[in-house]
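Each chain, letter by letter, is given below.
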There are 2 protein chains.
Amino acid sequence: MIVQSVIKELLQKNESKIVLYVMDGLGGLPMRDHASPFDGKTGLEAASTPNLDSLARNSACGLHVPVGPGITPGSGPGHLGLFGYNPLQWEIGRGILEAMGLGLDVKRTDVAIRCNYATVENNVVTDRRAGRPPTEKMRKVTERLQREIPMIDGVQFIFGAGMEHRFAVIMRFPEALAPEAAMINDSDPQAVGLAPLPFIPRHPKAAKVAEAARKFIERAALVLKDDHPQNFVLARGFSTHPRMPSFSEAYGLRALAVASYPMYRGLARLIGMEAPDFSGDINAELEYMKDNWNGYDFFFIHFKKTDSLGEDGDFSGKVGRIEEADGAVPAILSMKPDVLVVTGDHSTPAVMKSHSWHPVPLMIHSPYVFGGLCDGFSERQCVRGELGIIPSVSIMPLALANAGRLKKFGS
Amino acid sequence: MIVQSVIKELLQKNESKIVLYVMDGLGGLPMRDHASPFDGKTGLEAASTPNLDSLARNSACGLHVPVGPGITPGSGPGHLGLFGYNPLQWEIGRGILEAMGLGLDVKRTDVAIRCNYATVENNVVTDRRAGRPPTEKMRKVTERLQREIPMIDGVQFIFGAGMEHRFAVIMRFPEALAPEAAMINDSDPQAVGLAPLPFIPRHPKAAKVAEAARKFIERAALVLKDDHPQNFVLARGFSTHPRMPSFSEAYGLRALAVASYPMYRGLARLIGMEAPDFSGDINAELEYMKDNWNGYDFFFIHFKKTDSLGEDGDFSGKVGRIEEADGAVPAILSMKPDVLVVTGDHSTPAVMKSHSWHPVPLMIHSPYVFGGLCDGFSERQCVRGELGIIPSVSIMPLALANAGRLKKFGS
């Protein structure tokens, strides 16, 4: 596996444009239902995808493995791999992912935590989820916490409301934090009938964060004291910015992320991509890409719905979303990118209703490919492709090479 | 990736013979020209290669990746990978490669530098290439330097004349040098109007080399003082022998390199292969191999012209050279090697006029392969082969295994 440091030494600039079109959760498994017209076919095989199929016939095809054989990736590791960051080296903490998913930005001065509203009586947790209160009601409670606790001892608190009892908090310190600053246990005791756990720093550099968290929980309990059942806050997943090199440092590319889901924008921002707030469907994403074509070298276009329908176990629904994603290909090609990469961040077989470990179909379109090895774009067609089955982190070096952005190694 | 230390533990001797037949720059890309009969075909696909095709049908085929995905290798890294040395671990310095290319041997007592004749007036570089003087004239100037500066303070100076203003110098010390001995900056300021840079050792162990280089440049300037425009010498690429284990240490093989280009003999000598001075075409190389068949276990046969024509962008010319290379196969097979490996050191697509990152077609012929998967020998046929797409450094272990030279690992 080639490390980013080698790639960095070989970078050269040019005017090329690279598009990475990610259909989230793209890969799948064959449906097994003799009564279905899709029996024996994967979503990609069942869908009518004339644009992807035509592209596959003239592209370098293969499959990529996000983390490792048999490893089912979360969305964080899946995307990190696509962006060329080894997901085993750069772990994104639970608190960070949660905060990003709720639209919060995470900086190098921050510790992010995932929080639950809970019920505590006589210092004993009686309900870890405060009876799963309604989302809208809790949004207002969270807004109240934000008003009442904007800052403690110079540490800024930024709240993001989630579903039901869930929310996230960013603790923003005045200065950048060491990675060890988040080495703090969860306060959630993971069972009712126990007291919330005190925060114990596991590293000297975590002491001030533990103290700030302690004061935050104390203040929150005061604010919520009459709000039974949601009269307490449990915190877990303390995490700092993973501090990987930025995308522009790593590849010399000015990158634009066009994604309508906050978490993917958050992931993109973590590595310094520009990821403006955006909402809209794939057509709106493509318009946005076109409007910003001249300002960037690299475009990450995220299509979410293939994953969502896979998670729902809705095979036909996923087929429909794949067809919708196929429809976007001509608009991307009309911009004449020098390199177009089409793939997913992981597989989400509808028959499993979850992410899975299966290698993900991949194609790289550029003038410097063989092509002619696949009749269309699917898991089984891609097995025959010229790229073989490669780690996800190989995709970025290949994209850069096809864009003419890598010099020769050695003489 | 299997490291050489593991292989070394498993070595066992036998009487087997292995031939590694390298067509330099073998791999290519499809030509795109509707008017050409070669449209859509790579050089290998366009060429008539009955011998290679027949061999491919009965061999283990695949492709190999010299350095890593997307990385375009120079000739040095390309060959190191074929010989089983990880090119990212063993880097061959610019001075070494240059010296070897000019036919100089490099030992562990040596520092090699790449030099330019330059014009310097009032201690300012006014032409970094001395007006690109004629090669033949400069050959005589270099011979004069060799006569005038055979040795300084016990350090022997060995000169190799190159094209136009280029030459290489070996500084041979009385004792073996540490790798850090070459940590010295270039004196070439890389722009006119600047003074030549003094040599500053970047490590204490480089001090004596920097001092020897300083005296050399001083002496050379004295010798050349009336030779305007070539009245000065600029040096760069200080490098020592990379000190990798020898081929015989690594594999227990007595190896003969038959290569008509000096640089490839130099590479072979770096790892202790015997590589006698030799000139002649592929038929002469094969005769040489036959004449020395009994003295060696391993034969590296180098065919250069496939690369040269690719670099020239001469698609049809490369096709012709591939056909010439194909013609050598029966003579190799007539020697009944136990294992025959046929491949290239990297790809050189004529359509790119340069080396490229594309995986290189590979076949291994021995009694211990499946075969029957490929209809011929080409990039796209090899995608279907039983070897898959593998790192170059996997080839030597596979060759040794097929030759019966590796014991079982564990019980």
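Residues numbered from 1 in each chain as written. Chains lettered and ligands numbered in written order. Predicted model: local features only at pLDDT ≥ 70, side-chain atom pairs only at ≥ 80, totals over all residues.

This part takes up the overall build of chain A. Broken down by element type, chain A carries 15 helices and 14 strands. The principal-axis extent of the C-alpha atoms belonging to chain A is close to 70 × 60 × 40 Å. Burial analysis of chain A (411 residues in total) assigns 53% to the buried set. Considering only contacts within chain A whose residues lie at least 6 apart along the sequence, 72% involve residues at least 24 apart. (Helix = DSSP H or I, 4+ residues; strand = E, 2+ residues; numbered from the N terminus. Buried ≥ 20, exposed ≤ 12 C-beta atoms within 10 Å, placed from the backbone. Contact = placed C-beta atoms within 7 Å.)

This next bit is on the sheet that holds strand β1 (residues 18-23) of chain B. By way of backbone hydrogen bonds, the strands of a sheet pair with one another, either parallel or antiparallel. Residue and element names in this part refer to chain B. Read across the open sheet, the 7 strands follow the order β10-β11-β1-β12-β13-β2-β14; overall the sheet is mixed. Each of the sheet's edge strands pairs with one partner strand only, and the pair in question is β10 (255-258) and β14 (388-391). Taken over all neighbouring pairs, the strand axes of this sheet differ in orientation by 20 degrees on average, direction set aside. The sheet contact formed by β10 and strand β11 (residues 298-303) spans 4 bridges and is parallel. By the bridge assignment for β11, A255 is matched with F298. (Pairing = 2+ DSSP bridges. Axes fitted to C-alpha atoms, helices over the stretch in contact; angles between N-to-C directions.)

Take the interface of chain A and chain B next. Counting from both sides, the interface comprises 19 residues of chain A and, opposite them, 27 residues of chain B. Within the residue set of the side of chain A that touches chain B, elements represented by two or more residues are β13 (388-391), α15 (395-402) and β14 (408-409) of chain A. Here the residues of the side of chain A that touches chain B are counted per class, giving 12 nonpolar, 5 polar and 2 charged. Strand direction decides the pairing type here: β14(A) and strand β3 (residues 72-73) of chain B, joined by 2 bridges, are parallel. Bridge pairing links K408(A) to T72(B) in β3(B). (Nonpolar A, V, L, I, M, F, W, Y, C, P; charged D, E, K, R; others polar.)

On to the packing of helix α5 (residues 94-101) of chain B against helix α9 (residues 262-270) of chain B. All names here are of chain B. One way to put it is that α5 packs onto α9 with a least axis distance of 7 Å and a crossing angle of 120 degrees. It follows from the interaxial angle that α5 and α9 lie oblique. Note on element contacts: α9 touches α5 through P262, M263, G266 and L267, opposite L97, M100 and G101. Tallied by class, the residues present in the contact of α5 with α9 amount to 5 nonpolar, 2 polar and no charged. (Parallel < 35°, antiparallel > 145°, perpendicular 65-115°, else oblique.)

The next subject is the sheet that holds strand β9 (residues 255-258) of chain A. Residues and elements named next belong to chain A. The mixed open sheet is built from 7 strands, whose spatial order is β9-β10-β1-β11-β12-β2-β13. The open sheet has two free edges, formed respectively by β9 and β13, since each of these has just one partner strand. When strand polarity is set aside, the average angle formed by the axes of neighbouring strands in this sheet is 20 degrees. Of the strand pairs in this sheet, strand β11 (residues 339-343) and strand β12 (residues 360-365) are connected by 4 bridges, and their pairing is antiparallel.

Here we come to unusual backbone geometry. Residues and elements named next belong to chain A. For the peptide bond that leads from H228 to P229, omega is 10 degrees, which places it in the cis range. Turning to its location among the elements, P229 is positioned in the loop between α7 (207-223) and β8 (232-240). For R132, which is not glycine, the phi torsion reads 45 degrees and is therefore positive. Turning to its location among the elements, R132 is positioned in the loop between β4 (124-127) and α6 (135-148). Its 14 C-beta neighbours within 10 Å are what place R132 among the partly exposed residues.

Along an α-helix, a turn takes 3.6 residues, which lines up residues three or four apart on a common side. All names here are of chain A. Given a rise of 1.5 Å per residue, 14 residues ought to cover 20 Å, and the 20 Å separating the end C-alpha atoms of α6 matches this to within 8%. Taken together, the buried positions of α6 are M138, V141, T142 and L145. What you see down the axis of α6 is that its buried residues fit within an arc of 100 degrees, all on one side. Of the residues in α6, the exposed ones pointing more than 90 degrees away from the buried face are E136, K140, E143 and R147. Buried residues belonging to α6 abut β3 (110-121), β6 (155-161), β7 (166-172) and α7. (Expected span 1.5 Å × (residues − 1). Arc of directions from axis to C-beta.)

We now examine the domain arrangement of chain A. It is common to report an interface's size as the accessible area lost on association of the parts. All names here are of chain A. Each assigned domain of chain A is listed with its residue range as follows: domain 1 (4-90 + 244-402) and domain 2 (96-240). The straight-line distance from the C-alpha centre of domain 1 to that of domain 2 is 34 Å. Listed by partner, the interface residues are 7 residues for domain 1 and 7 residues for domain 2. The dominant element in the side of domain 1 that touches domain 2, judged by the number of residues it contributes, is helix α9 (residues 262-270), at 6 residues. (Domains from an automatic or database assignment.)

Take the relation of the copies chain A and chain B next. With an RMSD of 0.2 Å, the fit of chain A onto chain B corresponds to turning through 124 degrees and sliding 0.0 Å along the axis. In the structure described here, the two chain copies are related by an operation that fits a three-fold rotation axis. The overlap is low: 5% of the interface residues of chain A also sit at the interface in chain B, so different surfaces are used on the two sides. (Least-squares fit on C-alpha atoms with pLDDT ≥ 70 in both.)

A few words on the environment of A130(B). Mapping A130(B) onto the fold places it in the loop between β5 (124-127) and α6 (135-148). A130(B) sits 30 residues away from G160(B) along the chain, and the two C-alpha atoms are 18 Å apart.

Residues and elements named next belong to chain A. Alignment of strand β5 (residues 151-152) against β6, held across 2 bridges, turns out to be antiparallel. Along β6, the bridge assignment pairs I152 with V155. Counting the residues in the hairpin turn of β5 and β6 gives 2 residues, including D153, whose phi is positive at 50 degrees. Where β6 hands over to β7, the hairpin turn is made up of 4 residues, of which E164 adopts a positive phi near 50 degrees.

A few words on the confidence of the model for chain A. Here chain A shows a mean pLDDT of 96. Residues at 70 or above account for 100%. Scored as a complex, the prediction yields pTM 0.91 and ipTM 0.90. (pLDDT = per-residue confidence, 0-100.)

To continue, consider the environment of A56(B). Residue and element names in this part refer to chain B. Mapping A56 onto the fold places it in helix α3 (residues 50-57). Taking the number of C-beta atoms within 10 Å as the measure of exposure, A56 has 25 and is therefore buried. The residues touching A56, leaving out its near neighbours within four places in the chain, are C61, M363, C374, G376, F377 and Q381.

A word on the environment of E45(A). All names here are of chain A. Positionally, E45 belongs in helix α2 (residues 43-46). By the C-beta count within 10 Å, which is 20 here, E45 ends up buried. Spatially, the C-alpha atom of E45 lies 15 Å from that of R57, the residues being 12 residues apart in sequence.

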